[in-house]
Amino acid sequence: MADLDRLLGMQSIFSPDLEVLRGEANRLLPGFAGANGRYRIAKALELGCRSSGVLTLSPRYENTATVLDMTGALEGFPHFHLAMDNDWDEGAWSRLNSFLYYLK
């Protein structure tokens, strides 16, 4: 993994410091347990600081995604959340393409 991280360089999605992720997770969602929510919010914040935008995906029925949205932690970053249940259609493609267009 370290070799892959090095080869990807600036395009790498690997976290340089796992303790920073843990600290953010503890700050935002202390004691929360469910569907890797603590990791997901900390990772989205980290990526928001070093990328043009953050794209998250979850099943529509998942409560953890709702909790993560309620934190408001990603409000300062371009963020697009896809929630779907095997219903990807032209409307979903249109929303995704619009988000990606405005990141350029």
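Residues numbered from 1 in each chain as written. Predicted model: local features only at pLDDT ≥ 70, side-chain atom pairs only at ≥ 80, totals over all residues. Heavy atoms only, no water.

A look at the packing of aromatic side chains
- According to the stated counting rule, one finds three aromatic pairs in the structure shown.
- With 5.4 Å between their ring centres and 25 degrees between their planes, F80 and F99 make a pair best called stacked. Taken together, the residues F80 in strand β2 (residues 79-84) and F99 in helix α5 (residues 90-103) connect sequence positions 19 residues apart. F99 shares its class with F80; the two are buried.
- With a centroid separation of 5.2 Å and 85 degrees between ring planes, the pair formed by W88 and W93 is classed as edge-to-face.
- Judged by relative accessible area, W93 falls into the partly exposed class, the value being 39%. (Phe/Tyr/Trp six-rings, centres within 6.5 Å; stacked < 30°, edge-to-face > 60°. Helix = DSSP H or I, 4+ residues; strand = E, 2+ residues; numbered from the N terminus. Buried < 20%, exposed > 50% of the residue type's maximum accessible area, 1.4 Å probe, protein only.)

Some words on the pairing of β2
- Sheet topology places strand β1 (residues 54-59) next to β2; six bridges connect them, and they run parallel. In the sheet register, S58 faces β2, and the bridge partner there is A83.
- Read as a crossover between parallel neighbours, the route from β1 over helix α4 (residues 63-71) to β2 is right-handed. (Pairing = 2+ DSSP bridges. Right-handed = clockwise from strand over helix to strand, strands pointing away.)

Some points on the side chain of S58
- The residue S58 is located in strand β1 in this model.
- Under the relative-accessibility criterion, S58 is labelled buried at 4%.
- A distance of 3.1 Å separates a polar atom in the side chain of S58 from a polar atom in the side chain of H81.
- Apart from the residues lying within four places of it in its own chain, the contact partners of S58 are R40, A65, H81, L82, A83 and M84. (Polar contact = N/O pair within 3.5 Å; in protein donor to acceptor, adjacent residues only side chain to side chain. Contact = heavy atoms within 4.5 Å.)

Considering the nonpolar core
- L28, L29, I41, A44, L45, V54, L68, A73 and L74 together form the largest nonpolar core, which totals nine residues.
- No other element matches helix α3 (residues 37-50), which puts three residues into this core.
- Those residues in contact with L45 that sit more than four places away from it in its chain are E24, R27, L28, A73, L74 and F77. (Core = buried A, V, L, I, M, F, W, Y, C linked by side-chain atoms within 4.5 Å.)

Comments concerning the environment of E46
- In this structure, E46 sits in helix α3.
- E46 sits in the buried class, given a relative accessible area of 15%.
- Every residue in contact with E46, bar those within four places of it in the chain, is listed here: I13, S15, P16 and L21.

With respect to the environment of A83
- Here A83 shows up in strand β2.
- Sequence separation between A83 and L57 is 26 residues; the distance between their C-alpha atoms is 5.9 Å.
- For A83, the residues in contact, after removing those within four places along its chain, are S58 and R60.

A word on α5
- In this model α5 runs 20 Å from its N-terminal to its C-terminal C-alpha over 14 residues, within 8% of the 20 Å that 1.5 Å per residue would give.
- Of all the residues in α5, the buried ones are A92, L96 and F99. Buried positions in α5, seen along its axis, are confined to an arc of 60 degrees and lie on one side of it. Opposite the buried face of α5, by more than 90 degrees, sit the exposed residues E90, Y101 and Y102.
- Summarising the contacts, the buried residues of α5 are in contact with β1 and β2.
- For α5, the N-terminal capping position is held by D89, with its side-chain oxygen 3.1 Å away from the main-chain nitrogen of G91. (Expected span 1.5 Å × (residues − 1). Arc of directions from axis to C-beta.)

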